[in-house]
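# A closer look at the structure
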Amino acid sequence: TMAATDYEQSETFMGQDFFEPFRWSFHTAEDPTHGTVDYLGYATAAIQGLVNATANRIYMGADHTSIIDSGAGRRRTTSEGGPRGRPSVRIMSRQSYNGGLFILRLDHMPTGCGVWPAFWMYGEDPEHIWPTWGEFDIIEGVHDANRTMTTLHTAGGDCDQAAAFWMYGE
């Protein structure tokens, strides 16, 4: 077993400079999972109240007031113009990590139809783009669920999770 002294804090992501461009890349391309979402860059998200950083709290959210008409269930693409779906935020770290202890403290995680909040990690390089090497969803909420999931996605279906156990958090 590892003792608490085996880990040393090397970074903290808190404070008014949380959204500085050297830390995060805002995903503004179409949703790679084909959801009805319009990912916004920092400036637009800040103007719309979807991101905010203070000394003690970080806020990221999705628009919760708009009614999205996706054209009879079909979402729009960038080339068609107009919104692609519900305005939301998706950030990715500019730093790569090969290991460590990651601690995330949440005061609230959104729920609701079409909401899919997550904190996840994945591996990739130029020859192996996501999702080739899989992903690890540390926290994943789905729609109106009252529990979050932790999920390991792998390629090829050759991952044996037979010894895994279920753990629920409230």
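Scroll up a little and you will see the structure.
An account of the accompanying structure is given in this report. Values in this document were obtained by computation on a predicted structure and should not be read as measured data. (Residues numbered from 1 in each chain as written. Predicted model: local features only at pLDDT ≥ 70, side-chain atom pairs only at ≥ 80, totals over all residues. Heavy atoms only, no water.)

## Details of the side chain of R90
Within the secondary structure, R90 sits in the loop between strand 5 (86–88) and strand 6 (91–93). Not counting residues within four places of it along the chain, the set of residues in contact with R90 comprises S25, F26, H27, D31, P32, Y39 and W120. (Helix = DSSP H or I, 4+ residues; strand = E, 2+ residues; numbered from the N terminus. Contact = heavy atoms within 4.5 Å.)

## Quick look at the pattern of salt bridges
Within the structure shown, the criterion is met by 5 salt bridges. For R23, the salt bridge identified is with D17, shortest N-O distance 3.7 Å. Using a relative accessible area of 14% as the deciding quantity, one classes R23 as buried. Given the relative accessible area of 33%, D17 is considered partly exposed. Overlapping salt bridges, with partners in common, bring together R57, R105 and D107 in one network. (Salt bridge = Lys/Arg side-chain N within 4 Å of Asp/Glu carboxyl O. Buried < 20%, exposed > 50% of the residue type's maximum accessible area, 1.4 Å probe, protein only.)

## Focus on a nonpolar patch on the surface
The grouping of Y7, L101 and I103 at the surface amounts to a nonpolar patch, some 360 Å² of accessible area in total. Assignment of secondary structure puts I103 in the loop between strand 6 and strand 7 (118–122). (Patch = residues over 30% accessible without salt bridge, like charges linked within 9 Å, V, L, I, M, F, W, Y side chains within 5 Å. Areas by Shrake-Rupley, 256 points an atom, 1.4 Å probe, with all protein chains shown as cover.)

## Re the sheet that holds strand 9 (residues 149–153)
An order of 7-8-9 is seen for the 3 strands of this open sheet, with the pairing classed as antiparallel. Across the chains shown, the open sheet's two edge strands, defined by having one partner strand only, are strand 7 and strand 9. Neighbour-to-neighbour, the strand axes of this sheet turn through a mean angle of 10 degrees, independent of strand direction. Alignment of strand 7 against strand 8 (residues 135–140), held across 5 bridges, turns out to be antiparallel. The residue of strand 8 that forms the bridge with F119 is I139. (Pairing = 2+ DSSP bridges. Axes fitted to C-alpha atoms, helices over the stretch in contact; angles between N-to-C directions.)

## A word on unusual backbone geometry
The phi dihedral of H34 is positive, around 65 degrees, even though this residue is not glycine. Positionally, H34 belongs in the loop between strand 1 (24–26) and strand 2 (37–39).

## As for the nonpolar core
F18, F19, W24, F26, L40, A45, L50, V51, A53, V89 and I91 form the largest nonpolar core, which has 11 residues in total. Residue assignment for this core shows that the elements contributing at least two residues are strand 1 and strand 3 (51–53). Beyond its immediate sequence surroundings of up to four residues, V51 is in contact with F19, F26, Y42, A45, A46, Y59, M60 and V89. (Core = buried A, V, L, I, M, F, W, Y, C linked by side-chain atoms within 4.5 Å.)

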